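Geometric and topological summary
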Protein chains: 2
Amino acid sequence: MKFNKTFNTNLIKLAKKNLHNRITFIGLGNMGFPMGQNLIKSGVKVAGFDANNQVTENFRNSGGCNFQTFESAVQESDAIITMLPNAKIVEKVWSDAFNFAKKGTYIIDSSTISPIDAKILAEKAQSKGFICADAPVSGGVMGAQNASLSFMVGTKNEDFEKISKFLTPMGKKVFNCGEHSSGQIAKICNNLCLGITMSGLSESLALGVKLGADPKVLSEIMGVSTARCWSLDTYNPIPGVLETTPSSRDYENGFSMELITKDLNIALDCANKTKLDLDLSKASQKYYETIKNEGKHNKDFSYVFQYILNNKKI
Amino acid sequence: MKFNKTFNTNLIKLAKKNLHNRITFIGLGNMGFPMGQNLIKSGVKVAGFDANNQVTENFRNSGGCNFQTFESAVQESDAIITMLPNAKIVEKVWSDAFNFAKKGTYIIDSSTISPIDAKILAEKAQSKGFICADAPVSGGVMGAQNASLSFMVGTKNEDFEKISKFLTPMGKKVFNCGEHSSGQIAKICNNLCLGITMSGLSESLALGVKLGADPKVLSEIMGVSTARCWSLDTYNPIPGVLETTPSSRDYENGFSMELITKDLNIALDCANKTKLDLDLSKASQKYYETIKNEGKHNKDFSYVFQYILNNKKI
């Protein structure tokens, strides 16, 4: 009896392993390329595709599967993962995939898109017999390269475990956020709060600096008081307060103005559609967008501190 | 030689002990009364005074020293501590005290006032031969009652140790923030950041709730992500997410709209005087002031979540 049970468990494990044997990964940008590579490293066969044919070929040459067409890759895949710039492109790619994928194929979107769009997409995918999830990430390009991303997953509870198995080779944490679109809600609410906290903290620190405070001492005290937050104690926007932050390397190689603005725009669009009037969200978005439009789209978002301290005057 | 040194050290210790033997405490409100009581409990003789004579008498009847006049109390005190509603009153009381206090008396203000005012006061006090400090607190009425306040002290480095000895019977932490007014800077920057973080977090959580997220799950995920902050993981504004927060007791007995508005007004006044234009600070202040003026001045400041979710609509 016991032997049989173990034997069956092993069979199931084997079946599960096979299940993850082939993945089509679409969108091989700064994030998608290393994510796909980490899937390959874990022993999965990955067919990679990108709008840029050269990138598609590069991926194939560095361990990707060799498929003649997108159609055949999707047909023979157990899962499809998308990592794309916006909802429009995700919708286009998913629609294409719907035409070729087997019923029961897992379709996972790791792009950051509006939760409202994600919900519509999930309904479509399910109506066509696919198992789907929204699974946006945090951790940036470094996280994608080091397989240390966090995935925020929105899917049916009974599908979560299987979905998370596709994702674990690319990340450290996989959160079960709830039903379809909950992953995108968590991502967008987190980043909205992050964007506001960073710019609000920057206003507070700029005031402290103007009044003559030592930034390091002020940050230490606030860091053990009620102003404690990640933007202060882990990602301090003042150069030299913490050694490893983007602010201490001229705000380079961080979370760009481009990306925080994109996330805040998604959040504000959702707020509009749900009839919420969010004054701090709007003020924060305005900071980042203005800085972005001044040619600083690649600067880390914590550069907002310098903007508040120096550029913006009454 | 060694014996003499030890003997001298003991003499100094004795002298220091005596030094704290009598304190005049001015301002016996919700904060000042229990603070003064905690000083008495620690063995210090405390003469307490309040604009309300009945309160002054109550304090005397519950262990305070019996002095005929404010003048004689101040004359015979080693330290004067003020805990008053605003800078104008502090200035008036300090000016009175200057007339009677011995040179070298310690004068400490634990009120929350503008750092700019605190600096002017400190200059006056020093020019008249007193040793002074700004030492605003965090921890609220509960902290005052339980002697668990945090003091943020601005004074000369060489005076910090002596100053902190006067304060320790009333609190758990005493921060050395730097030169005169640095205590007020730390307090006001901390509370400005707190006010913004709470209202920004509330905007993010309100959006999540509107989009259909489970507040508890959303808070848990954000709490281990980049949106992590004290307002989220310790003082969550949504009822039921954390058991012990004001939000879970109908926003009663917390940090009132009245007080957060006062602190944000001080911060905005300082920003104006230092030529900083702080958009999120202004938006946040507007939230709290509007709610306060709607008759909810005693509600905890985290009630801003309900205001954003329900009262304020496009």
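Scroll up to find the structure this text is about.
Read on for a plain summary of the structure.

Conventions used here
Residues numbered from 1 in each chain as written. Chains lettered and ligands numbered in written order. Predicted model: local features only at pLDDT ≥ 70, side-chain atom pairs only at ≥ 80, totals over all residues. Helix = DSSP H or I, 4+ residues; strand = E, 2+ residues; numbered from the N terminus. Rg over C-alpha atoms; globule rule 2.2 N^0.38 Å. Buried ≥ 20, exposed ≤ 12 C-beta atoms within 10 Å, placed from the backbone. Contact = placed C-beta atoms within 7 Å. Least-squares fit on C-alpha atoms with pLDDT ≥ 70 in both. Nonpolar A, V, L, I, M, F, W, Y, C, P; charged D, E, K, R; others polar. Core = buried A, V, L, I, M, F, W, Y, C linked by C-beta atoms within 7 Å. Axes fitted to C-alpha atoms, helices over the stretch in contact; angles between N-to-C directions. Parallel < 35°, antiparallel > 145°, perpendicular 65-115°, else oblique. Left-handed = near helix turned anticlockwise from the far one by under 90°.

Glancing now at the overall build of chain A. Assigned secondary structure in chain A consists of 14 helices and eight strands. At 22 Å, chain A has a C-alpha radius of gyration in line with the 20 Å of a compact globule built from 314 residues. The dimensions of chain A, computed from C-alpha atoms along their principal axes, are 70 × 45 × 40 Å. Buried positions account for 54% of the 314 residues belonging to chain A.

Once that is clear, we can look at the environment of B:Phe25. All names here are of chain B. Here phenylalanine 25 shows up in strand 1 (residues 22–26). Along the chain, phenylalanine 25 and alanine 133 lie 108 residues apart, while their C-alpha atoms are 14 Å from each other. Once residues within four sequence positions are removed from consideration, phenylalanine 25 is found in contact with Gly32, Gly36, Leu39, Val46, Gly48 and Ile81.

Next up on the list: the relation of the copies chain A and chain B. You can overlay chain A on chain B at an RMSD of 0.0 Å; the transform is a turn of 180 degrees with a shift of 0.0 Å along its axis. One copy is carried onto the other by what is essentially a two-fold rotation axis. The rotation axis passes nearest to the C-alpha of A:Cys229 in chain A, at a distance of 2.0 Å. Interface overlap between copies is the fraction of interface residues in one copy that are interface residues in the other; for chain A against chain B it reaches 100%, indicating a shared surface.

Moving on, we get to the interface of chain A and chain B. Listed by partner, the interface residues are 56 residues for chain A and 56 residues for chain B. For the side of chain A that touches chain B, a count of residues per class yields 32 nonpolar, 15 polar and nine charged.

This part takes up the nonpolar core. Residues A:Ile108, A:Cys189, A:Val304, B:Ile108, B:Cys189 and B:Val304 are the most contacted members of the largest nonpolar core, which totals 189 residues. For A:Val304, the residues in contact, after removing those within four places along its chain, are A:Met198, A:Ser199, A:Ser202, A:Pro237, A:Tyr287, A:Tyr288 and A:Ile291.

With that out of the way, let us pick up the packing of helix 9 (residues 182–210) of chain B against helix 12 (residues 257–273) of chain B. All names here are of chain B. Running from amino to carboxyl end, helix 9 crosses helix 12 at an angle of 115 degrees, the nearest separation of the two axes being 9 Å. With respect to helix 12, the element helix 9 is oriented roughly perpendicular. The crossing of helix 9 and helix 12 is left-handed. On helix 12, the residues that touch Ile188, Asn191, Leu192 and Gly195 of helix 9 are Ile260, Asp263, Leu264, Ile266, Ala267 and Cys270. Residue composition of the contact of helix 9 with helix 12, by class: seven nonpolar, two polar and one charged.

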